[in-house]
Amino acid sequence: MAGKSRRQSLIENAVLVPLDWVDERTAAVRGTKWFLFRNVPRDISWAQTLGSATLTAFIVQALTGAILAMYYKPSSEIDPVTGKPIAYASIEHITSDLTLGWLVRGMHRWGASVFIILLFLHMGRVFLFGAYKYPRELTWITGVLLLVTGMLLGFTGYLLPWDQTAYWATVVGINLNGTAPFLGPWLAEFLAGGPEIGADTLSKWYALHMLLLPGAVIALIGVHIYLVTRLGVVSPPWSRERAGRERTGAPPAGAREGLVRPGGGGD
Amino acid sequence: MVESAQPALSDPRHTPHVPGPSLWPIGFAVGVACLLLGLVLSWVIAAVGALLAVAFGLLWAREVTREVRGEVPEVEPERRAQVETPPAPAPAPATFTRSRFLEASTIGLGGAIGAVVTVPVLGFMVLPSFTNIEEQEIDLGPIENFPEGEYVIATYLTDPARGEVTRRTVFVRYNGPAENGQPSFTILYSRCVHLGCPVQPNGPIDEAAKKEIDGVELRPVLAQSFGCPCHGGLYDAEGNRRAGPPVRSMDRYTYSIRNGRLVLGELYAVGNVSGTGANAKISKYAWSTPGTHVDGVESWLYPLVPSQVTR
């Protein structure tokens, strides 16, 4: 405390004491430090931000989706007053009547494409940098599962506006799945909820899009980010600190006890 | 961090295993590309491609596994002075202890409870798509409404209680009396057997002659072929594929005549139709999802389709 004014240490205490109180009981502060304040290789670049960008895109999708769900009605029944399907009419209502509805729906609609594009860019970066190699194989595998669930989210979300494009694109999509060998026709009938799209299909896809698939994505993101935090960020392939290269001197910053190999880079 | 405690980098057991560089994958890739190209162009190219792929694949595998197959370095068995380890505690008597019993029963009971809850719920998620699929018989009205040799577009709700989502369209043609004297009909289902888009008759629709009978809308059309707007599938007047990506002929309905009215039966898939109208020979198969083959070698990919089980 030497060199600090009394006032300064009072302020510090006002912040630190409650934090310590919480940390002692939950390890939340230590956990946050473990999660956020990591050493990374000195030669990382903007390319390594694609994963965070994808996560941000997903958070935008989750938030805008939850709010759109407050106004969207997943029913294929025809409203006797307007003569339009209830789902389609609720999308029209969101887009043209509700304040800022056009914006949030647009964010969700275009954000879906942004999410998928970023997924692919992130995957390409990981592939080209060789970041899927030992010991990060499971990070890659959870990432592939995230890609599949992400694309399923796009597929199920496309039906929800319940217009002609949505309906026939989904018919084609379901039947594409149906052409898979052996179990394809069974998968198609499961997706359509019968031999063809019926009265329950829309709400089924809404439940998949709203509840099951986002739940799976959130769980997979948890595992994915845990693995990234545990194993660290990989150096680019042109790095002079890349894994497997013998080098002398002090171990690089970021080498941690219990991680792969204190002498090696790549963490 | 104690430097001497670190394993030496030169020790192969402590370095990540990275196979050496190899040119064989390029040959393998060329072979696979050749094989795929050959599937479209000619069997000869495909065979050459397969040969290349197998040859280079084997060479590649041989090179990659050289280290594994090669001489295994002799490893000195580790020797330690026995005195360093404390004497092992006497092995616990082989009884089923209370804690092990509790552990097993917790896991077992938890699993049983989980199964009791999960199995019916998963069943509810999956089974309704496959059970109670009853095709309602659709009455298309008196057969006098169908002129001989001309298609009529008929649209109707298969289940009015479930609403517009059950609207279907068929193309009905009266072929005149068949050999047995019974009236003969050709009833094509409008969904394309490529991927399920709505097939359109290629001809002018006589909107003036439109009729609506008991919820069934009938519109005569002058058409000798049908086209699909999505991917360009083209069918002739018997529903045979003439161009584009469809993999079989248009689906058809069975029918019956009751009290002079045309009643639709069940939907079935058609491999091929030879002949026309009342004399057509139709190869009939259990209905399957659009895009699935019902005849030929490719149908081996779909040995059991849902309609064979659920109907």
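Residue positions are given per chain, counting from 1 as you read along its sequence in written order. In the order they appear in the text, chains get letters beginning with A and ligands get numbers beginning with 1. Note on the predicted model: pLDDT of at least 70 is required for a residue's local features to be given, and 80 or more for side-chain atom pairs to be given and counted; whole-chain, interface and lining totals, by contrast, use all residues.

Novice: Quick one: what's the story with the overall build of chain A, residue by residue and with numbers?
Specialist: Numbered from the N terminus, helices here are DSSP runs of H or I no shorter than four residues, and strands are runs of E no shorter than two. A count of helices and strands for chain A gives nine helices and zero strands. Secondary structure elements of chain A occur, N-terminal to C-terminal, as α-α-α-α-α-α-α-α-α. Exposure in this text rests on C-beta crowding, where 20 or more other C-beta atoms within 10 Å of a residue's own make it buried, 12 or fewer make it exposed, and counts in between make it partly exposed. The C-beta atoms are placed from the backbone. For chain A, the proportion of its 267 residues judged to be buried stands at 32%. Residue pairs are scored as contacts if the distance between their C-beta atoms, which are placed from the backbone, is within 7 Å. Taking contacts inside chain A between residues at least 6 apart in sequence as the whole, the part at least 24 apart equals 63%.

Novice: Could you give an account of unusual backbone geometry, naming the residues involved and the relevant values?
Specialist: Excluding glycine, a negative phi dihedral is what most residues carry, and trans is how most peptide bonds are arranged. Following Y134(A), the chain continues into P135(A) via a peptide bond in cis, with omega recorded as 5°. Non-glycine residue F182(A) carries a positive phi angle of around 65°. By the element assignment, F182(A) lies in the loop between helix 7 (164–178) and helix 8 (184–192). Since 13 C-beta atoms lie within 10 Å of it, F182(A) is described here as partly exposed. With phi around 50°, D214(B) is a residue other than glycine that occupies positive phi space. Of note, D214(B) is situated in the loop between strand 6 (211–213) and strand 7 (216–221).

Novice: Could you give an account of the confidence of the model for chain B, naming the residues involved and the relevant values?
Specialist: As a general rule, the predicted coordinates of low-pLDDT regions are not to be interpreted in detail. All names here are of chain B. When the pLDDT values of chain B are averaged, the result is 87; 88% of them are 70 or greater. Each residue gets a pLDDT score, which is the predictor's confidence in that residue and runs from 0 to 100. Throughout residues 1–8 the model reports pLDDT below 50, and contacts reaching past four residues in sequence, or to other chains, amount to five contacts. Taken together, the chains of this predicted complex give a pTM of 0.78 and an interface ipTM of 0.80.

Novice: I'd like a rundown of the nonpolar core, residues and numbers included.
Specialist: Counting 61 residues, the largest nonpolar core has W162(A), A154(B), V170(B), V172(B), I187(B), M250(B) and Y253(B) as its most contacted members. Considering every element that reaches this core, the biggest residue donor is strand 12 (residues 261–274) of chain B, with six residues. Membership of the second largest hydrophobic core comes to eleven residues, among which are F58(A), A112(A), F115(A) and L118(A). Only buried residues count toward a nonpolar core: Ala, Val, Leu, Ile, Met, Phe, Trp, Tyr and Cys, linked into one set through C-beta atoms within 7 Å.

Novice: Got a sec to walk through the pairing of strand 3 (residues 167–177) of chain B? Specific residues and values, please.
Specialist: A regular strand places its side chains so that they alternate between the two faces of the sheet. All names here are of chain B. Across seven bridges, strand 2 (residues 151–157) lies against strand 3 in antiparallel orientation. Along strand 3, the bridge assignment pairs Y156 with R168. In this analysis, strands are considered paired if DSSP registers two or more bridges between them. Adjacent in sequence and paired antiparallel, strand 3 and strand 4 (residues 183–189) are bridged by five residues, among which G181 carries a positive phi angle near 90°.

Novice: Please give an account of helix 2 (residues 43–64) of chain B that cites residues and values.
Specialist: All names here are of chain B. Helix span is expected to be 1.5 Å times the residue number reduced by one. A rise of 1.5 Å per residue sets the reference length of helix 2, with its 22 residues, at 32 Å; its end C-alpha atoms lie 31 Å apart and thus fit the reference within 8%. Among all positions of helix 2, only G49, A53 and F56 are buried. Burial along helix 2 is one-sided: seen end-on, the buried residues are contained in an arc of 90°. Residues of helix 2 that are exposed and point over 90 degrees away from its buried face: W43, V44, L58, A61 and R62. Those residues of helix 2 that are buried are in contact with helix 1 (24–40). Each C-beta atom gives one direction from the helix axis, and the arc is the one those directions make.

Novice: Run through the environment of E298(B), naming residues and quoting values.
Specialist: Along the polypeptide, E298(B) turns up in the loop between strand 13 (281–286) and helix 5 (306–310). Here the alpha-carbon distance between E298(B) and V247(B), two residues 51 residues apart in the chain, equals 9.7 Å.

Novice: Give me the lowdown on the sheet that holds strand 10 (residues 241–243) of chain B, citing residues and values where you can.
Specialist: Residues and elements named next belong to chain B. With antiparallel pairing, four strands are arranged side by side in an open sheet as 5-8-9-10. The sheet is open, and its two edges are formed by strand 5 (200–201) and strand 10, each paired on a single side. Here two bridges tie strand 5 to strand 8 (residues 225–227), and the two strands are oriented antiparallel to one another. Note that in strand 8 the partner of Q200 across the bridge is G227.

Novice: Just give me the short version of the confidence of the model for chain A, but keep the residues and values in it.
Specialist: The share of residues in chain A with pLDDT of 70 or more is 89%, and the mean pLDDT across the chain is 89. Contacts for the low-pLDDT stretch residues 256–267 of chain A, under 50 throughout, to residues beyond four places or in other chains number 30 contacts.

Novice: How would you summarise the packing of helix 1 of chain B against helix 2 of chain B if you had to cite specific residues and measurements?
Specialist: Residue and element names in this part refer to chain B. To get an axis, a line is fitted to the C-alpha atoms, and for a helix only the part in contact is used. The angle between two axes follows their N-to-C directions and goes from 0 to 180 degrees. Interaxial distance between helix 1 and helix 2 falls to 7 Å at its minimum, and their mutual angle equals 160°. The pairing of helix 1 with helix 2 is recorded here as roughly antiparallel in orientation. Along this stretch, helix 1 crosses helix 2, giving a crossing that reads as left-handed. Grouping the amino acids of the contact of helix 1 with helix 2 by side-chain chemistry returns 19 nonpolar, five polar and one charged. Any angle that is under 35 degrees is reported as roughly parallel, and any over 145 degrees as roughly antiparallel; angles of 65 to 115 degrees are reported as roughly perpendicular and all others as oblique. The hand of a helix crossing depends on one turn: near helix anticlockwise from the far one by less than a right angle means left-handed, and clockwise means right-handed. Three classes are used: nonpolar for Ala, Val, Leu, Ile, Met, Phe, Trp, Tyr, Cys and Pro, charged for Asp, Glu, Lys and Arg, and polar for all others, with Gly counted as polar.

Novice: Tell me about the environment of I133(B), residues and numbers included.
Specialist: Within the secondary structure layout, I133(B) lies in the loop between helix 4 (98–126) and strand 1 (138–142). When the C-alpha atoms of I133(B) and L267(B) are compared, they prove to be 12 Å apart, with 134 residues separating the residues in sequence. With residues up to four places along the chain from it excluded, the contact list for I133(B) reads G194(A), P195(A) and T310(B).

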